[in-house]
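# Descriptive structure summary
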Amino acid sequence: MMRLHSLLFACGAVLLLNACDRPESGVYQGYAEGEYVRAAPIDGGTIDAIPVKRGDRVTDGALLFQLDRTAEIANHDQAAANLASAQATFLKTGLDFNRLAALVQRGNASQADLDAARAARDAADAAAKAATAALAQADWRLARREGRAAKGGIVDDVYFRPGEYAGPGQPVVSVLPPENIKVRFFIPEPELGRVRSGDKVALSCDGCPAGLTGTIRFLSPQAEFTPPVIYSKDSQAKLVYLAEAWPDANPEALHPGQPVRVALAAAK
């Protein structure tokens, strides 16, 4: 009898431990992640200036880096001078045409002279338009020597220093916009049916303010094994589906890499 009681006690203890270790239904472990915006030059060149540093907060369109612009500035100045000259010529030929038109009406000039004046005015007009286009192209080439923030946010990293050469497409500065912070978590295959894109979830983590909520925007159609970043003995070697939830407000309360607990609305 004593042996039977011991066996029952041992079985009960095992069941109790298993029940305690079993994860709560509708509650999942995840982590915060950021989608960084990396500013890179279109054309390669020597970096002339980087007016930002890690941790700086920048606004939309803020200057992040500037390449050497010596040749581009010279081309821009030349194009601006050409445009000014072409506009002056167009103005003069226009005045000449108007004077000749008045003389022709009074019979003091020939129609051939007027036609020649018209041709000169039209040619000057075309030259002025071409010069305008050339200046616009010079402006465009000058702008390509700068890297600006497509979205405001926190400067996450600076990969180069002034004086170094950055090739085309090489990121120089990365920025994390607040709206690009999300939570990735993994749903066990048996619970996949209870989760839908658009569902609301509660988000919690150490040091986070209370009441954080998010919306599920993505559910992976592909199953995978629990990734090693999720440290849980119970979830090892289990099939899961990746899901992503985006904070409804205050996304900067979450920091990329930070463990986050995700709970479905019914499981809060």
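Thresholds, definitions, all that
Residues numbered from 1 in each chain as written. Predicted model: local features only at pLDDT ≥ 70, side-chain atom pairs only at ≥ 80, totals over all residues. Heavy atoms only, no water. Helix = DSSP H or I, 4+ residues; strand = E, 2+ residues; numbered from the N terminus. Contact = heavy atoms within 4.5 Å. Buried < 20%, exposed > 50% of the residue type's maximum accessible area, 1.4 Å probe, protein only. Pairing = 2+ DSSP bridges. Phe/Tyr/Trp six-rings, centres within 6.5 Å; stacked < 30°, edge-to-face > 60°. Lys NZ or Arg CZ within 6 Å of the ring centre and 35° of its normal. Salt bridge = Lys/Arg side-chain N within 4 Å of Asp/Glu carboxyl O.

### A closer look at the overall build of the chain
A tally of regular secondary structure across the chain gives three helices and 14 strands. In the chain, the proportion of contacts linking residues at least 24 apart, taken out of those at least 6 apart, comes to 76%.

### Quick notes on the pairing of strand E5 (residues 63-67)
Of all five residues in E5, four are buried, a share of seventy percent or more. The pairing of strand E3 (residues 45-49) with E5 spans two bridges and is classified as antiparallel. Paired with alanine 49 across the bridge in E5 is glutamine 66. When E5 meets strand E6 (residues 146-148), the two strands line up antiparallel, connected through three bridges. Of the residues in E6, the one forming a bridge with leucine 63 is arginine 148.

### With respect to the packing of aromatic side chains
Taken as a whole and assessed by the stated rule, the structure comprises one aromatic pair. Measuring from ring centre to ring centre gives 5.9 Å for tyrosine 28 and phenylalanine 185, while their planes differ by 15 degrees; the resulting arrangement is stacked. Taken as a pair, tyrosine 28 in strand E1 (residues 27-34) and phenylalanine 185 in strand E10 (residues 181-188) lie far apart in primary sequence, 157 residues in all. Here phenylalanine 185 falls in the buried class, since its relative accessible area comes to 0%. Here the basic side chain of arginine 121 rests over the ring of phenylalanine 97, its NZ or CZ set 4.3 Å away from the ring centre.

### Some words on the pattern of salt bridges
All chains considered together, the criterion is met by 19 salt bridges. For arginine 99, the salt bridge goes to aspartate 96, with nearest N and O atoms at 2.4 Å. Of this pair, arginine 99 and aspartate 96 both sit in helix H2 (residues 70-105), three residues apart, roughly one helical turn. Judged by its relative accessible area of 22%, aspartate 96 falls in the partly exposed class. Linking glutamate 191 and arginine 194 is a salt bridge whose minimum nitrogen-to-oxygen distance equals 3.8 Å.

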